[in-house]
Amino acid sequence: MHRVQSASAVLAVGIFAAACKQKPPAPSVRELSVPEVSRFVRSDVSDKKGWAADVRLALKAAGKPVDATHVCQVLAIVEQESGYEADPAVPGLGKVVKGELDRMFAKLGPAASSARAALLDHTAPGTKQTFEQRLLDIRTEQDADLLYREIVDFHRGRYPGMARAMDLLAPDLVEKTNPITTAGSMQVSVGWALEYADADDSALLRDALYTRAGGLKYGTARLFIHDAPYDQPRYRFADFNAGVYASRNAALQAQLTVVTGEKLATDGDFLLYDKDGDPRWKRSNSLNALYAFRDAHAPELSDGQVRRDAKKEKTAAFDQTTTVRALREAYTEKTGKKPEYAQVPNVALESPKMKSGRSTKWFADNVQRRYDDCLRRPGQRRRKK
């Protein structure tokens, strides 16, 4: 009897010890309600609860908690990119689109004027102005997008045989030549949204982006698409502008400069990419510097290994590559400092819709300021009572 009790006691102790080793489940984070989220929306917004409801849905769809930090990251982008407009008006957009067309047709040389007339000197059924004349009436990106689609459909109707041939030979041509490449309240890339949604109908997805719910859904997904362990949201804001993991990669470029002595642009890209986002075989300055680093510090790595590692730069796996680990170790050995995980990339922003002289740093700093303001709003209101 005593042996049975002893065995039971030992078993009980073992079960208790095993239970103690298991980590307790993480406490669930209470989701903010629509009224609570609306307190973070800027005070001059008319439909605060509508924006709050759609932000909640967007965060839940992205698999992120509906808490103050995530809500304010989304709202900070919205404020920067559109000022709470689902389809924001762009001052002088008609002239901008017309200027882009001028540059496009200019490439045709002497045939430019006749090609332009063949495309734009027509009047669609039910309208009185030509496509060319209607360009100056464009106010929003959706206006430009719909006019472009109307022009395409008009010419498809005139030349159905040619349209079918083009669909077979270049099925993505119409989408790729659409002048509107970003859309919605968060100005998310249309190309990215199409790939993310795996959408076959680009027109339907574009229409969704011009709604408040759709713009927030795809913009929020883009903002949180990668799990980079940044210690400040500023780096995530920079990545929203410059590309996933751009802030991590910019820090690595800065470390590569220190180790090799070769001055590199901290643009967040070790490889060169074509217009479709695919890596080109031509070497960038950063990739050349990475090979020079290999020659001096990690000769055991082959050319193929270095390039294979570099091709992972848009993923979390880049951190664990042999090349990156060797670079960080060499930086620590040379400086005696732990390498920074991220820094805001230095990328000049060029857009006919934007003033010159702006950069990813300008974007990230402005969004960070809006994020900080957003977090203070509920507290400010309580103090005023």
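Not measured: the values here are computed from a predicted model.

Asker: Explain the state of the cysteines to me, and be specific about the residues and the numbers.
Answerer: What the rule picks out here adds up to one disulfide. Disulfide pairing is shown between C72 and C374; the S-S distance is 2.1 Å. Judged by the sign of its S-S torsion, about -75 degrees, the cystine formed by C72 and C374 is left-handed. Here the residue C72 occupies a position in helix α4 (residues 68-81), and C374 occupies one in helix α19 (residues 360-384), the gap between them amounting to 302 residues. The burial state of C72 is the same as that of C374; both residues are buried.

Asker: Could you give me a rundown of the packing of helix α3 (residues 48-61) against α4, with the residues and numbers involved?
Answerer: Orientation of α3 relative to α4, taken along the N-to-C sense of each, is 115 degrees, at an axis distance of 10 Å. Handedness of the α3/α4 crossing: right-handed. Contacts from W51, V55 and L59 in α3 reach H70, V71, V74, L75 and V78 in α4. In terms of residue class, the contact of α3 with α4 is made up of seven nonpolar, one polar and no charged.

Asker: Run through helix α16 (residues 285-297), naming residues and quoting values.
Answerer: If you check α16, its first and last C-alpha atoms are 18 Å apart, about what 13 residues at 1.5 Å a residue would give, namely 18 Å. Contacts made by the buried residues of α16 are with α15 (246-260), α17 (303-310) and α18 (322-335).

Asker: Could you give an account of the nonpolar core, naming the residues involved and the relevant values?
Answerer: Judged by nonpolar contacts, the single largest core of 30 residues is most densely connected at V71, V74, L75, I77 and L216. Those elements that provide at least two residues to this core are α3, α4, α13 (212-223), α14 (233-242) and α19. At seven residues, the largest contribution of residues to this core is made by α4. With sequence-adjacent residues up to four places away left out, V71 is seen in contact with L32, V37, F40, V55, L59 and V66. Core analysis: the next-biggest nonpolar cluster, separate from the first, contains 28 residues, L120, L147, I180 and W192 among them.

Asker: Can you explain the pattern of salt bridges? Please cite residues and give values.
Answerer: Applying the stated criterion across every chain, the model contains 25 salt bridges. Residue E31 pairs with K60 through a salt bridge whose shortest N-O separation is 3.2 Å. A residue pair is termed long-range when its members are at least 10 positions apart, and E31 in the loop between α1 (2-21) and α2 (34-38) and K60 in helix α3 qualify at 29 residues. Taking relative accessible area as the criterion, E31 reaches 33% and is therefore assigned partly exposed. Classification of K60 by relative accessible area gives partly exposed; the value is 41%. Notably, a salt bridge pairs D102 with R116, separated by 2.6 Å at the nearest N-O pair. With D102 in helix α5 (residues 93-106) and R116 in helix α6 (residues 112-120), this residue pair connects regions lying 14 residues apart in the sequence. Its relative accessible area of 14% is what places R116 among the buried residues. It is possible to trace a salt-bridge network through shared partners that takes in D145, R149, E175, R206 and D207.

Asker: Please give an account of unusual backbone geometry that cites residues and values.
Answerer: Positive phi is not limited to glycine here, since Q187 has a value of about 50 degrees. Mapped onto the fold, Q187 is located in the loop between β1 (182-183) and β2 (188-189). According to the relative accessible area criterion, Q187 is buried, its value standing at 15%. In the Ramachandran plot, D198 falls in the positive-phi region, its phi being about 55 degrees despite a non-glycine side chain. By the secondary structure assignment, D198 is in the loop between α11 (190-197) and α12 (202-209).

Quick notes on the rules
- Residues numbered from 1 in each chain as written.
- Predicted model: local features only at pLDDT ≥ 70, side-chain atom pairs only at ≥ 80, totals over all residues.
- Heavy atoms only, no water.
- Disulfide = S-S within 2.5 Å.
- Helix = DSSP H or I, 4+ residues; strand = E, 2+ residues; numbered from the N terminus.
- Buried < 20%, exposed > 50% of the residue type's maximum accessible area, 1.4 Å probe, protein only.
- Axes fitted to C-alpha atoms, helices over the stretch in contact; angles between N-to-C directions.
- Left-handed = near helix turned anticlockwise from the far one by under 90°.
- Contact = heavy atoms within 4.5 Å.
- Nonpolar A, V, L, I, M, F, W, Y, C, P; charged D, E, K, R; others polar.
- Expected span 1.5 Å × (residues − 1).
- Core = buried A, V, L, I, M, F, W, Y, C linked by side-chain atoms within 4.5 Å.
- Salt bridge = Lys/Arg side-chain N within 4 Å of Asp/Glu carboxyl O.

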